[in-house]
Amino acid sequence: MRKHLPDMYRYVALRKRILGVDELHYYDVYAPLTKGVSAHYTYDQAKQMVLDAVAPLGEEYGTIVRKGFAERWIDVFPNKGKSGGAYSGGSYDSNPYIMCNFTGTLDSVSTIAHEMGHSMHSWFSRHTQPAQYADYTLFVAEVASTVNENLLIEHLLAEKNQDPATRLALLNQYLENFKGTVYRQTMFAEFERDAHAVAERGEALNPAALNNLYKKLIVDYFGPELVVDDEVQYEWARIPHFYRPFYVYKYATGYSTAVALSEGILKNGEPAVKKYLEFLHMGGSAYPLDELRHAGVDLTTPAPVDAALDKFGRILDEAEACVAQLEAAK
Ligand SMILES: [Zn+2]
């Protein structure tokens, strides 16, 4: 992982260049990069985009997604008293219902694709496995959801003759997914591992020690271009996942797996799709690493994570090219 950090520094530098700031602070890594591209999608458009995106997964997958939309598995819009966020749920003998808060942004559309990925995983598993094996582990869960996210963004990027601003907005969404899911969560995992090591060495595990650890990681991960304000060291305290031991690395492994699988599905078609769908049918009936190996990804080697991060580098190359094009047109 750490050998891929220079690409993150390059992304930070690109943000600084686009935002036109003298100093890039930690909060600036969250600012939107593309002014003026405020694509808004209706829910009907979102449904169609998701259906088009999952078309490579075949007839049956598409038919069930369509059924889910038609039978209103989804509680779509924000409402009075409704909580934020999104999830897929249901029980063994119910439909895999979805809660979300659709606002029409690209991110909202991506959330529908994501949650529908969970629901389809549940659907296949619940219709194949007995109740005791139908639930799947977290390690495989975020694969089914992020494969769909990636299929969506690849589908949108495949459109011909995009203007560079629109393309940059899409690429930025892609890079942000990588940043939030692979880089940031791996940084969290390092924090967790090192905090445990502090305790194991018998040293004091107090806020000052944890702040220190966290600040060092931010510097390592985001590089010399980033101004790290003092407040940043406290961020660990508000990450709820740290109260669930060794949860965070699974986002990074899940996303890396999803990158490999979605690339395989788009490049190799039928044979890759077949194995992927079989994986979705397995639910919790086998060990997670074995299930993923069946789908075509071996997480006992660093290869899938390296391949995913190489892809981050390539998306970044393209984003830099779009920025250069936009700058030349000014
Ligand atoms: Zn999810």
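On a predicted model such as this, the values are computed, not experimentally measured, just so you know. (Residues numbered from 1 in each chain as written. Predicted model: local features only at pLDDT ≥ 70, side-chain atom pairs only at ≥ 80, totals over all residues. Heavy atoms only, no water.)

Peer 1: Quick question: what am I supposed to make of unusual backbone geometry here?
Peer 2: Only a minority of non-glycine residues have a phi that is not negative, and only a minority of peptide bonds are not trans. One non-glycine residue, N161, adopts positive backbone phi at about 50°. Tracing the backbone shows N161 in the loop between helix 6 (138-157) and helix 7 (164-200). Look at N161 and you get exposed, because its relative accessible area is 81%. The backbone of F246 shows a phi angle near 50°, a positive value even though the residue is not glycine. On the secondary structure map, F246 appears in the loop between strand 5 (226-227) and helix 9 (249-268). (Helix = DSSP H or I, 4+ residues; strand = E, 2+ residues; numbered from the N terminus. Buried < 20%, exposed > 50% of the residue type's maximum accessible area, 1.4 Å probe, protein only.)

Peer 1: Is there a simple way to think about the nonpolar core in this case?
Peer 2: The nonpolar side chains of a soluble globular protein tend to be buried with one another. I74 and Y276 are the most contacted members of the largest nonpolar core, which has 97 residues in total. Residues in contact with Y276, not counting those within four places in the same chain, are L57, V143, A144, V147, L261 and I265. (Core = buried A, V, L, I, M, F, W, Y, C linked by side-chain atoms within 4.5 Å. Contact = heavy atoms within 4.5 Å.)

Peer 1: Even after reading the chapter, I still don't get the layout of surface pockets, so can you show me in this structure?
Peer 2: What the largest pocket holds in volume is close to 1,500 Å³. Of all the secondary-structure elements, those providing two or more residues to the lining of the largest pocket are helix 4 (106-126), helix 6, helix 7 and helix 9. Top contributing element to the lining of the largest pocket by residue count: helix 7, with 12 residues. Along the lines of polarity and charge, the residues of the lining of the largest pocket split into 20 nonpolar, 20 polar and nine charged. (1 Å grid on protein atoms, 1.4 Å probe; cavity = no way out; pocket = protein on both sides within 12 Å on 5 of 7 lines; lining within 4 Å. Points joined across faces, edges and corners; volume = space filled by probe spheres on them. Nonpolar A, V, L, I, M, F, W, Y, C, P; charged D, E, K, R; others polar.)

Peer 1: Quick question: what am I supposed to make of the coordination of the zinc ion here?
Peer 2: Working reference: metal with six octahedral donors, ideal angles 90 or 180 degrees; metal with four tetrahedral donors, ideal angle 109.5 degrees. The zinc ion binds to the protein through H114 (NE2), H118 (NE2), E142 (OE) and E142 (OE); the donor distances cover 2.1 to 2.6 Å. Coordination geometry of the zinc ion: the four donor atoms subtend angles of 52 to 141° at the metal centre, consistent with an arrangement described as irregular. H114 sits in the buried class, given a relative accessible area of 13%. (Donors = N, O, S within 2.8 Å, 3.2 Å for Na, K, Ca; no water. Tetrahedral: all angles 85-135°; square planar, octahedral: opposite > 155°, others 65-115°.)

Peer 1: What is the right way to look at empty space enclosed by the protein in this model?
Peer 2: The rolling of a water-molecule-sized probe over the atoms marks out the regions of remaining empty space. In this structure the tally under the stated criterion is one cavity of 30 Å³ or more. When its volume is computed, the largest cavity comes out at roughly 40 Å³. Contributing to the lining of the largest cavity are L106, S110, E149, L152, I153, L156, Q173 and N177. Breaking the lining of the largest cavity down by element, the ones donating at least two residues are helix 4, helix 6 and helix 7. Tallying contributions element by element places helix 6 first for the lining of the largest cavity, with four residues. Of the residues belonging to the lining of the largest cavity, the class tally is four nonpolar, three polar and one charged.

Peer 1: Whenever I open this one, the packing of aromatic side chains confuses me. Can you help?
Peer 2: Any aromatic ring pair is given by two values, namely how distant the centres are and how the planes are angled relative to each other. Using the criterion set out here, one finds 19 aromatic pairs in the structure. Ring geometry for Y11 against F312: centres 6.1 Å apart, planes inclined by 85°, an arrangement best described as edge-to-face. With Y11 in helix 1 (residues 5-19) and F312 in helix 12 (residues 303-329), the pair connects residues that are 301 residues apart, well separated along the chain. Taking the relative accessible area as the measure of exposure, Y11 reaches 1% and is therefore buried. Between Y43 and F102 the ring centres are 5.6 Å apart and the planes differ by 70°, which places this aromatic pair in the edge-to-face class. Of this pair, Y43 sits in helix 2 (residues 43-54) while F102 sits in the loop between strand 4 (98-99) and helix 4, and the two are 59 residues apart along the sequence. Exposure remark for Y43: the relative accessible area of 15% places this residue in the buried category. Put simply, the rings of Y11, Y174, F178, Y183, Y255 and F312 pair up and form one aromatic cluster. Lying across the ring of Y30, K179 places its NZ or CZ 4.7 Å from the centre. (Phe/Tyr/Trp six-rings, centres within 6.5 Å; stacked < 30°, edge-to-face > 60°. Lys NZ or Arg CZ within 6 Å of the ring centre and 35° of its normal.)

Peer 1: I keep staring at the packing of helix 10 (residues 270-282) against helix 11 (residues 288-295) and nothing clicks. Help me out?
Peer 2: Angle between the axes and distance between the axes: these two values describe a pair of packed helices. At their nearest, the axes of helix 10 and helix 11 sit 8 Å apart, and the two run at 155° to each other. Looking at the two axes, helix 10 sits roughly antiparallel to helix 11. Of the residues in helix 11, those touching helix 10 at K275, E278, F279 and M282 are E291, L292, H294 and A295. In terms of residue class, the contact of helix 10 with helix 11 is made up of four nonpolar, one polar and three charged. (Axes fitted to C-alpha atoms, helices over the stretch in contact; angles between N-to-C directions. Parallel < 35°, antiparallel > 145°, perpendicular 65-115°, else oblique.)

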